[in-house]
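Here is how the chains run, residue by residue.
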Amino acid sequence: MSSITVDNLSKRYDDVVAVDSLSFSVERGEIFGFLGPNGAGKTTTIRTLLGLIAPSAGTATVLGADVHDEDALIEAKRRIGYLPANLGFNDEATGAEVLDYHESVKGGSRRDELLEIFTPPVERPIREYSTGNKRMLGIVQAFMHDPELVIMDEPTSGLDPLKQEEFNEFARNERDRGKTLFFSSHVLSEVRRVCDRVGILREGVLVGLEDVDTLLRQGGKRVQIQTTDEARTDLTEIDGVIDVQTFAEGIQFIYTGEYNTLLRELATHDVREIEISEPPLEDIFMHYYGSDGGVEPNQEVQSDA
Amino acid sequence: MLETTRYEISRRVRGTTILTVGVSLYVAFIVWYFSLLDPSAYEQIAESLPPAMLDAFGMQSIGSIEGWLGGQIYTFLWLLGLGIYFAYASAAVIAGDIESDRMDLLLSFPVSRSQLLVEKFAALLLPLIALNVVVGGVTYGLVLAIGETIDPMHLALAHLLSIPYLLVCAAIGTVLSVLADRSAVAERAAIGLIFVLWLVESAVGAAEDFAWIQNLSPTHYYAPTPVLIDGSYELMDTGILVAAFLGLLVASQVLFQRRDI
């Protein structure tokens, strides 16, 4: 049975369509990444799953409970952890007081174990917390009752890189223990590293549902090089080079082919400056899903070079 | 059950202590001031005031300690001041959590919205009970200390009957809290509404054609001065307040249940 099923879910606010006929499911025991730029409707979807907002049309179930059925949803919430994007804790309370409260309502069998990995200063009032400390406190409360399913909205935003890596490892371990993790992100690299499957949302529409290997193949890298004119021409002819932009003394392109091919080609030229980075998410949408967004997943990569 | 109430009560201890001490000091000042007055002279001044004003401030038998307390403390501070305070405090209960995004976390708990609302509301019982018990006790002690006497049963009754009235004020604030997205909006609306309701009752009471309007105001159903003077009150009025309180609380639950967060 799926942990989450979303069936033709729509949410409209007056004239604005936040989520439009969304359908997907998250299987038990997987890490599902929900990827999209800010404003794509990720948070709206997540908040609908938790019953915070009512769908305008369609429905969804979490751990078998329909989001329209408050009683069933309350029962399911015993087995769900939630980490919202904006953590509203009482500023004057200490982390320990907040965790005591959460523990009294939903249990806290893993609290101490979690506080060894994620280390917010629980004795201090939350108003003194950095963004990262608040996030860690949020992670602890989301997992402390050992839920089957954890829904997280941008879980690593505000965490330093070291803690992000610890979180990723923690997430993988949880998956191996049979837990289901559903999390949203606008950072492709993060989703790639942790997730088994990814749903890509754009302007409220699901434009892609991929396993991560496919996404890795399609995502490519953004390469910026300062080099000679001749090298520029040669490079643009390599397979998998797309979206070439030329600027003074250099070029920029998205590379989706074999890394070795590119490196061999580069080695034969005079490279003065190079930067290889994750392409911005928007670029990926532009190139793999078209600017109107409504394209089938697993579409062939097309080179416009 | 009641985990939320316990947590919210722990957050209200400090504010309740400050408020209780503050109100007690004010009572001490008023009682001390009475001991300095020449009661008959004060009664004469009161008689020269327009009846509507006497009514608005609950001034009856102002020369006696019961009348004095009724006018200076119970009608003014208790009825208007604490009425506004409880409406204001409860107005932040839901709207504040929605505004700060804390409601997201609270609603991820395996607890229904209506239970959450009631549990949060119940935490207001701490200031409600603390104020009545402590200030009632302090008032009685101070009255004895300046050599006056007051019937402790009448004093206790004046406090007891104020509870349904203050619950109605708090429930009005809760309804506003559920409707608003920002606590500042709910709080201002709550202050304004209680003040207007008090004014309506005080001002319109004199105009017979519009006298029915005063039935809308909760202040119409709690008159502390007569309770203090001779222990007289209308059980019906208290019943109306209790019914209004329950009705408003259920309405706020229904509205909260239906709204998007």
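The rules we used
Residues numbered from 1 in each chain as written. Chains lettered and ligands numbered in written order. Predicted model: local features only at pLDDT ≥ 70, side-chain atom pairs only at ≥ 80, totals over all residues. UniProt positions renumbered as here; feature names shortened; annotations may be inferred. Helix = DSSP H or I, 4+ residues; strand = E, 2+ residues; numbered from the N terminus. Expected span 1.5 Å × (residues − 1). Buried ≥ 20, exposed ≤ 12 C-beta atoms within 10 Å, placed from the backbone. Contact = placed C-beta atoms within 7 Å. Domains from an automatic or database assignment. Pairing = 2+ DSSP bridges. Axes fitted to C-alpha atoms, helices over the stretch in contact; angles between N-to-C directions. Core = buried A, V, L, I, M, F, W, Y, C linked by C-beta atoms within 7 Å. Arc of directions from axis to C-beta.

Per an unreviewed UniProt entry, chain B goes by the name ABC transporter permease subunit and belongs to Halobacterium bonnevillei.

Looking at an unreviewed UniProt entry, one finds chain A named ATP-binding cassette domain-containing protein, with Halobacterium bonnevillei as its source organism. Per UniProt, the comment on chain A under Sequence similarities (unreviewed entry) is "Belongs to the ABC transporter superfamily."

Undergrad: Looking at this structure, I do not really get helix α11 (residues 235-258) of chain B. What am I missing?
TA: Note: α-helices contain 3.6 residues per turn, so residues at a spacing of three or four share the same orientation. Residue and element names in this part refer to chain B. Taking 1.5 Å per residue, 24 residues should reach 34 Å; α11 reaches 35 Å between its end C-alpha atoms and fits that length. Within the span of α11, buried status applies to Leu241, Phe245, Leu248, Leu249, Ser252, Gln253 and Phe256. Considering only its buried residues, α11 is in contact with α4 (65-99), α6 (113-122) and α8 (152-179).

Undergrad: Even after reading the chapter, I still don't get the interface of chain A and chain B, so can you show me in this structure?
TA: The parts lose accessible area when they come together, and the size of an interface is often stated as this lost area. Between chain A and chain B, the residue contacts involve 21 residues of the former and 16 residues of the latter. Among the secondary structure elements, those contributing two or more residues to the side of chain A that touches chain B are α2 (70-77), β6 (80-83) and α3 (95-106) of chain A.

Undergrad: What am I meant to see in the domain arrangement of chain A here?
TA: In terms of domain boundaries, chain A breaks down into domain 1 (2-216) and domain 2 (221-278). Centre-to-centre, using C-alpha coordinates, domain 1 of chain A lies 38 Å away from domain 2 of chain A.

Undergrad: Looking at this model, I keep getting lost on the sheet that holds strand β4 (residues 57-62) of chain A. Mind explaining?
TA: Adjacent strands of a sheet pair through backbone hydrogen bonds, lying either parallel or antiparallel. Residues and elements named next belong to chain A. Strand order in the open sheet formed by four strands is β2-β1-β4-β5, with antiparallel pairing between adjacent strands. The sheet terminates laterally at β2 (16-27) and β5 (65-66), the two strands that pair on one side only. Relative to strand β1 (residues 2-13), helix α1 (residues 42-49) is tilted by about 120°, and along the sheet it contacts β1, β2 and β4.

Undergrad: How should the nonpolar core be read in this particular structure?
TA: The tendency in soluble globular proteins is for nonpolar side chains to be buried as a group. Of all hydrophobic cores here, the largest spans 131 residues; its most connected members are A:Val62, A:Ile151 and B:Ile172. Residue contacts for A:Ile151: discarding those within four places in its chain leaves A:Ile46, A:Leu49, A:Leu50, A:Ile80, A:Tyr82 and A:Phe182. Counting residues in each nonpolar core, the second largest holds 10 residues, with A:Ile225, A:Ile242, A:Phe253 and A:Ile254 among its members.

Undergrad: What is the right way to read the UniProt feature "transmembrane region" (unreviewed entry) in chain B from this model?
TA: UniProt records the feature "transmembrane region" (unreviewed entry) for residues 12-34, 76-96, 117-143, 155-179, 191-213 and 233-256 of chain B in the present numbering. Its end C-alpha atoms 37 Å apart, residues 155-179 of chain B is made of 100% helix and 0% strand.

Undergrad: Just checking my understanding: could you explain helix α7 (residues 125-145) of chain B for this structure?
TA: Residues and elements named next belong to chain B. Taking 1.5 Å per residue as the helical rise, α7 with its 21 residues ought to reach 30 Å, and the 29 Å between its terminal C-alpha atoms agrees with that figure. Those residues of α7 that sit buried are Pro127, Leu131, Asn132, Val135, Thr139, Leu142 and Val143. Buried positions in α7, seen along its axis, are confined to an arc of 125° and lie on one side of it. Exposed and oriented more than 90 degrees from the buried face of α7 are Gly141 and Ala145. Where the residues of α7 are buried, they touch α1 (3-36), α4 and α8. Directly after α7, the chain includes Gly147, whose backbone phi takes a positive value near 85°.

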